[in-house]
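If you want the building blocks of each chain, they are given just below.
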Amino acid sequence: MLEASRTVHAQTQIFWNKRDFPESTGAPLLMAACQTTLWRWISGILGVTCLSLMAILGTILRTYSCNISCQERWIGYQCNCYFISNESKSWNESRDSCASQKSTLLQMHSGDELHFMKRNPYFYWIGVTYSAAHGALVWLNGSAVSQDLFPRFKIKNPEKCIGYSPSGYVLEKHCWEKFQFICKQQLT
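Residues numbered from 1 in each chain as written. Predicted model: local features only at pLDDT ≥ 70, side-chain atom pairs only at ≥ 80, totals over all residues. Heavy atoms only, no water.

Visitor: Would you mind going over the confidence of the model for the protein chain in detail, with residue names and values included?
Guide: Here the protein chain shows a mean pLDDT of 77. Residues at 70 or above account for 75%. Per-residue pLDDT, averaged within each element of the protein chain, yields its smallest value for helix 1 (residues 2–16) (48) and its largest for helix 3 (residues 91–100) (95). Below pLDDT 50 for its whole length, residues 7–12 participates in zero contacts with residues either more than four positions away or in separate chains. This model gives residues 14–21 a pLDDT under 50, and the stretch forms eight contacts once residues within four places in sequence are excluded. (pLDDT = per-residue confidence, 0-100. Helix = DSSP H or I, 4+ residues; strand = E, 2+ residues; numbered from the N terminus. Contact = heavy atoms within 4.5 Å.)

Here is the structure:
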């Protein structure tokens, strides 16, 4: 097997050896031209593909991103700014603290909104209250809380406030109890 491989290699070398093809036939020149043309085609195709992908990426980034400029100690995520407090306050104090920073206690539109905090086990005050007129939970702006947002949660005592954990859990606590809180500034 090794001998056969050497023989094939030797024959290939002889075949492509320049002395077997006089300059007048132009065979080596033709082969070099074909290789150059092939590489030019490949380079051209890869270049066009690269430019196309860059244009697509630019369009996607312009469409789905926003220029977030949050205050110091705030986190920018999905075109919003979030403040996660280090200090504990009552629900009313938390609401007022957010208002003093031109924001509101967290009002969520989906369970994935706080995806960046998914593994956080702590509970925080959020901007949910019980509306006796609606007989349901509502956000501070008066809009209804989607049933899909807290599917397993049923309020037992409308006098209590809602604590939320980014890991997906909800609990009701006395509003005077001290918890950390999350403020949200909507930029869009």
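Visitor: So what's going on with the state of the cysteines? Which residues, and what values?
Guide: Inspection of every chain in the model, using the stated rule, returns three disulfides. Through a disulfide, Cys98 is tied to Cys183; the S-S separation comes to 1.9 Å. Taking the sign of the torsion about the S-S bond as the criterion, the disulfide between Cys98 and Cys183, at about -85°, is left-handed. Of this pair, Cys98 sits in helix 3 while Cys183 sits in strand 9 (residues 180–186), and the two are 85 residues apart along the sequence. Each of the two residues, Cys98 as well as Cys183, counts as buried. Between the sulfur of Cys161 and that of Cys175 lies a disulfide, 1.8 Å long from S to S. Taking the sign of the S-S torsion, 100° for the link of Cys161 and Cys175, the bridge is right-handed. Of the two residues, Cys161 is situated in strand 7 (residues 161–164) and Cys175 in the loop between strand 8 (170–173) and strand 9; the sequence distance between them amounts to 14 residues. (Disulfide = S-S within 2.5 Å. Buried < 20%, exposed > 50% of the residue type's maximum accessible area, 1.4 Å probe, protein only.)

Visitor: Could you give me a rundown of a nonpolar patch on the surface, with the residues and numbers involved?
Guide: Together, Leu38, Trp39, Ile42 and Leu46 give the surface a local cluster of nonpolar side chains, amounting to about 430 Å² of exposed area. Residue placement: Leu46 occurs in helix 2 (residues 27–64). You can call Leu46 exposed: its relative accessible area is 57%. (Patch = residues over 30% accessible without salt bridge, like charges linked within 9 Å, V, L, I, M, F, W, Y side chains within 5 Å. Areas by Shrake-Rupley, 256 points an atom, 1.4 Å probe, with all protein chains shown as cover. Salt bridge = Lys/Arg side-chain N within 4 Å of Asp/Glu carboxyl O.)

Visitor: For unusual backbone geometry, give the residues involved together with the corresponding values.
Guide: With phi around 75°, Arg73 is a residue other than glycine that occupies positive phi space. The class for Arg73 is exposed, based on a relative accessible area of 52%. If you check the backbone angles, Lys102 has positive phi at about 55° while not being a glycine. Among the secondary structure elements, Lys102 is positioned in the loop between helix 3 and strand 3 (104–105). Judged by its relative accessible area of 74%, Lys102 falls in the exposed class.

Visitor: Would you mind going over helix 3 in detail, with residue names and values included?
Guide: Buried within helix 3 are the following residues: Trp91, Ser94, Ser97 and Cys98. Burial along helix 3 is one-sided: seen end-on, the buried residues are contained in an arc of 125°. For helix 3, the elements touching its buried residues are strand 3, strand 4 (124–125), strand 5 (128–131), strand 7 and strand 9. Remark: Lys102 follows helix 3 within two positions and exhibits a positive phi of approximately 55°. (Arc of directions from axis to C-beta.)

Visitor: Which residues make up the packing of aromatic side chains, and what are the values?
Guide: All chains considered together, the criterion is met by three aromatic pairs. With a centroid separation of 4.9 Å and an interplanar angle of 80°, the aromatic rings of Trp125 and Phe179 are classed as edge-to-face. Here Phe179 lies in the loop between strand 8 and strand 9 and Trp125 lies in strand 4, a separation of 54 residues in the sequence. The class of Trp125 is buried, set by a relative accessible area of 0%. For Phe179, a relative accessible area of 16% puts it in the buried group. Taken together, the ring pairs connect Trp74, Phe83 and Phe181 into an aromatic cluster. (Phe/Tyr/Trp six-rings, centres within 6.5 Å; stacked < 30°, edge-to-face > 60°.)

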